[in-house]
Amino acid sequence: MLILGIESSAKAASAALCRDGELIAQYYQCAGLTHSRTLLPMAEELLHGTDTALGDLDGVAVAVGPGSFTGVRIGVAAVKGLCFGAEKPAAGVSTLEAMAWNGLAAAPGEIVCCCMDARRGQVYNALFEISDGAPARLVPDRAVTLEELAAELLGYGRAVFLTGDGAQLALGALSAAGLSCRLAPGPLLMQSAWGVCMAARGLEMQSAEKLLPVYLRLSQAERERQERLENTK
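These numbers come from a predicted model, not from an experiment.

Our focus in this paragraph is the overall build of the protein. When helices and strands are counted, the protein shows seven helices and eleven strands. Against the compact-globule benchmark of 17 Å for 233 residues, the protein has a radius of gyration of 18 Å, which places it among compact chains. Every one of the 233 residues in the protein was classed for burial, and the buried ones make up 47%. Look at the contacts in the protein between residues 6 or more apart in sequence, and 65% of them connect residues 24 or more apart.

In structure tokens form, the structure reads like this:
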């Protein structure tokens, strides 16, 4: 299966092309530019550089969250546009599950701890272990404080392999709690479209119309509106 993967859930953005789990090409950028400017040109250049037409794809996969509200929306909207135009199906995958594929670099027995900075003293997080060459989920995606995460990880009694744009943030807090932690190596620290392609393997492709962002928390605008409504009661 030939899959184009799209990742735009945080500051970095990437596009990748994989066939049956083998990476053909990947375009990664973390230059601080908005994804609305970079994402589609990256995908188009990737396809052009590999002499791949949209019609050659079996489907397009995208990280649907959790993550940056704006970034996730841009990624989902871009994939919907690509799929509608080419009449191709799509698959939405968890950002954290896609990121867990970086955990293939973890040592045997290490817990793969995927972290994204969720602000407000929290991280978006999920825990995995590597089994038979693939991530196996231990907990669902959630937003937790670093204190809550540290207490849970202490219960496993195992070393921790950190990956994701919130990994550096988590490292200090988890180490201070007495956990043995290490960061993923540089190329595997951030979420990537390769992981999106890998997480999409085995999923049933569906109409892009069914793609929906998964935020886990209300946006800041929604929280402020909710607070205003509560204050007027």
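Moving on from the coordinates now.
It is worth spelling out the environment of L169 at this point. Structurally, L169 can be placed in helix α5 (residues 167–176). Take L169: its relative accessible area is 44%, and that puts it in the partly exposed class. For the pair L169 and V123, spaced 46 residues apart in the sequence, the C-alpha separation amounts to 8.9 Å.

On to the pairing of strand β1 (residues 2–7). The element β1 is largely enclosed, with a buried count of six among its six residues. Side-chain alternation along β1 places L2, L4 and I6 on one buried face and I3, G5 and E7 on a second face that is also buried. In terms of strand pairing, β1 meets strand β2 (residues 13–19) through six bridges, oriented antiparallel. Pairing of L4 across the sheet is with L17, part of β2.

All right, on to the packing of helix α4 (residues 146–156) against α5 then. In contact at an axis separation of 10 Å, α4 and α5 are set at 60° when each is read in the N-to-C sense. One element, α4, and the other, α5, form an angle in the oblique class. Considering how the two elements wind past one another, α4 and α5 form a crossing that is right-handed. Only L169, A170, A173 and L174 of α5 make contact with α4, whose side of the interface consists of L146, L149, A150 and L153. For the contact of α4 with α5, the residue count by class is eight nonpolar, no polar and no charged.

Considering all chains together, one arrives at two aromatic pairs under this definition. Between F69 and Y215, the ring centres sit 4.7 Å apart and the planes meet at 35°, which makes this aromatic pair tilted. Within this pair, whereas F69 is found in helix α2 (residues 69–86), its partner Y215 is found in the loop between α6 (193–200) and α7 (220–231), the two being separated by 146 residues in sequence.

This brings us to the nonpolar core. Counting 35 residues, the largest nonpolar core has C113, L149, L153, L162 and L174 as its most contacted members. Breaking this core down by element, the ones donating at least two residues are α3 (95–99), β6 (111–119), β7 (122–131), α4, β10 (160–163) and α5. Of the residues forming this core, the biggest block, seven residues, is contributed by β6. The residues touching L153, leaving out its near neighbours within four places in the chain, are I111, C113, L127, V160, L174 and L179. One finds L4, A13, A15 and V76 within the second-largest nonpolar core, a separate group that totals 25 residues.

Sheet strands associate in pairs through backbone hydrogen bonding, adopting either a parallel or an antiparallel arrangement. The mixed open sheet is built from five strands, whose spatial order is β3-β2-β1-β4-β5. Edge positions in the open sheet fall to β3 (22–29) and β5 (90–93), since each of these has one partner strand only. When strand polarity is set aside, the average angle formed by the axes of neighbouring strands in this sheet is 15°. Sheet topology note: the β2/β3 ladder contains seven bridges and is antiparallel. Looking at β3, one finds that A15 is bridged to Y27. Contacts from helix α1 (residues 35–49) reach β1, β2 and β3 within the one sheet, and its direction differs from that of β2 by about 25°. Relative to the sheet, α6 contacts β1, β2, β3, β4 (59–63) and β5, its axis offset from that of β1 by approximately 130°.

Reading guide: rules and limits
- Residues numbered from 1 in each chain as written.
- Predicted model: local features only at pLDDT ≥ 70, side-chain atom pairs only at ≥ 80, totals over all residues.
- Heavy atoms only, no water.
- Helix = DSSP H or I, 4+ residues; strand = E, 2+ residues; numbered from the N terminus.
- Rg over C-alpha atoms; globule rule 2.2 N^0.38 Å.
- Buried < 20%, exposed > 50% of the residue type's maximum accessible area, 1.4 Å probe, protein only.
- Contact = heavy atoms within 4.5 Å.
- Pairing = 2+ DSSP bridges.
- Axes fitted to C-alpha atoms, helices over the stretch in contact; angles between N-to-C directions.
- Parallel < 35°, antiparallel > 145°, perpendicular 65-115°, else oblique.
- Left-handed = near helix turned anticlockwise from the far one by under 90°.
- Nonpolar A, V, L, I, M, F, W, Y, C, P; charged D, E, K, R; others polar.
- Phe/Tyr/Trp six-rings, centres within 6.5 Å; stacked < 30°, edge-to-face > 60°.
- Core = buried A, V, L, I, M, F, W, Y, C linked by side-chain atoms within 4.5 Å.

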